[in-house]
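Residue strings, one per chain:
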Amino acid sequence: MKETEISKHTISVLVDNEAGVLARVIGLFSGRGYNIESLTVAEVDAHTHESRITVVTSGTPMVIEQIKAQLSRLVPVHKVNDLTLSGPSVERELALIKVIATGEKRVESLRIADIFKARAVDATNSSFVYEIIGSPEKIDAFIKLMEPLGLSEISRTGVAAISRGTLTM
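The written sequence of each chain sets the order in which its residues are numbered from 1. Local features are withheld for residues below a pLDDT of 70 in this predicted model, meaning they are given only at 70 or higher, and side-chain atom pairs are given and counted only at 80 or more; totals for whole chains, interfaces and linings count all residues. Calculated side-chain values reflect all of the structure's heavy atoms, with hydrogen atoms and water omitted.

Describing the domain arrangement of the chain
Quick reminder of the rule: How far each domain reaches was decided by an automatic or database domain assignment. Residues are treated as being in contact if the distance between any of their heavy atoms lies within 4.5 Å. Put simply, buried area is how much 1.4 Å-probe accessible surface two parts lose in total, over both of them, once they are put together. Any carboxyl oxygen of Asp or Glu within 4 Å of a side-chain nitrogen of Lys or Arg constitutes a salt bridge here. Within 3.5 Å is the distance limit for a polar contact, defined as a pair of N or O atoms, with the added protein rule that one can donate a hydrogen and the other accept it, and that residues adjacent in sequence qualify only through two side-chain atoms. Secondary structure follows DSSP: runs of H or I at least 4 residues long count as helices, runs of E at least 2 residues long count as strands, and numbering of each begins at the N terminus. Residue classes follow a fixed rule: Ala, Val, Leu, Ile, Met, Phe, Trp, Tyr, Cys and Pro count as nonpolar, while Asp, Glu, Lys and Arg count as charged, and any other residue, Gly among them, counts as polar.
With domains assigned, the chain is organised as domain 1 (7-82) and domain 2 (89-162). One C-alpha centre belongs to domain 1, the other to domain 2; they are set 29 Å apart. Contacts between the two partners involve 7 residues from domain 1, matched on the other side by 7 residues from domain 2. With both sides pooled, the region where domain 1 packs onto domain 2 buries about 470 Å², and carbon together with sulfur makes up 45% of that total. For domain 1, the biggest contributors to the area lost against domain 2 are Thr10, Thr40 and Arg52; these three give 60% of the whole. In this assembly, domain 1 and domain 2 are joined by 0 salt bridges. Counting across the domain 1 and domain 2 interface gives 4 residue pairs in polar contact (both at pLDDT 80 or more). Secondary-structure elements contributing two or more residues to the side of domain 1 that touches domain 2 are strand 2 (36-45) and strand 3 (50-59). Partitioning the side of domain 1 that touches domain 2 into residue classes produces 2 nonpolar, 4 polar and 1 charged.

A word on unusual backbone geometry
The condition is simple: Note on classification: 1.4 Å probe, protein chains only; a residue is buried when its accessible area is under 20% of the maximum for its type, exposed when over 50%, partly exposed between these limits.
The backbone phi angle of His49 is positive, close to 55 degrees, even though this residue is not glycine. Look at His49 and you get partly exposed, because its relative accessible area is 46%. Despite not being glycine, Lys117 shows a phi value in the positive range, around 60 degrees. Mapped onto the fold, Lys117 is located in the loop between helix 3 (103-115) and strand 6 (119-123).

Here you go:
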């Protein structure tokens with residue numbers, strides 16, 4: 001990869017679960033003009049009060065290294081792992097997709113949902129709310145196919161990611 005080539009990276013950060021930690025991590029990105037494409041955070045260990053922040057961002061290799069180094073220097077950060085570079089990983093996202101349609105468009109949206117293994121979690125005479133879980137690319141493809149059928153609203157959780165195999169944080 002060239003030093004000027006921009007690529008997407010999924011970075012996992014293990015932090016203390018305490019007030020202000022997320023604000024400090026976000027501040028690191030915004031203060032330096034780095035973009036966050038996806039952000040998820042949740043407590044992963046109640047006994048140690050640790051949370052996992054998963055950030056998807058883009059940049060040149062030098063920018064990504066700067067981000068990781070600056071994250072590592074934040075006081076409540078225990079570990080930083082670039083899942084994109086550390087080996088195979090699993091990335092999943094959940095989305096709720098609202099489609100307003102009648103007639104053939106309504107039937108077609110159900111067909112496509114079935115192909116993508118999306119579930120109708122709400123239905124009225126003129127709309128569906130679909131729940132879809134998968135890779136960000138799968139969700140993007142589903143959304144694109146729903147656009148001409150009456151796509152009206154989208155809510156996405158952001159990426160949750162973890163290393164495959166025996167590699168841990």
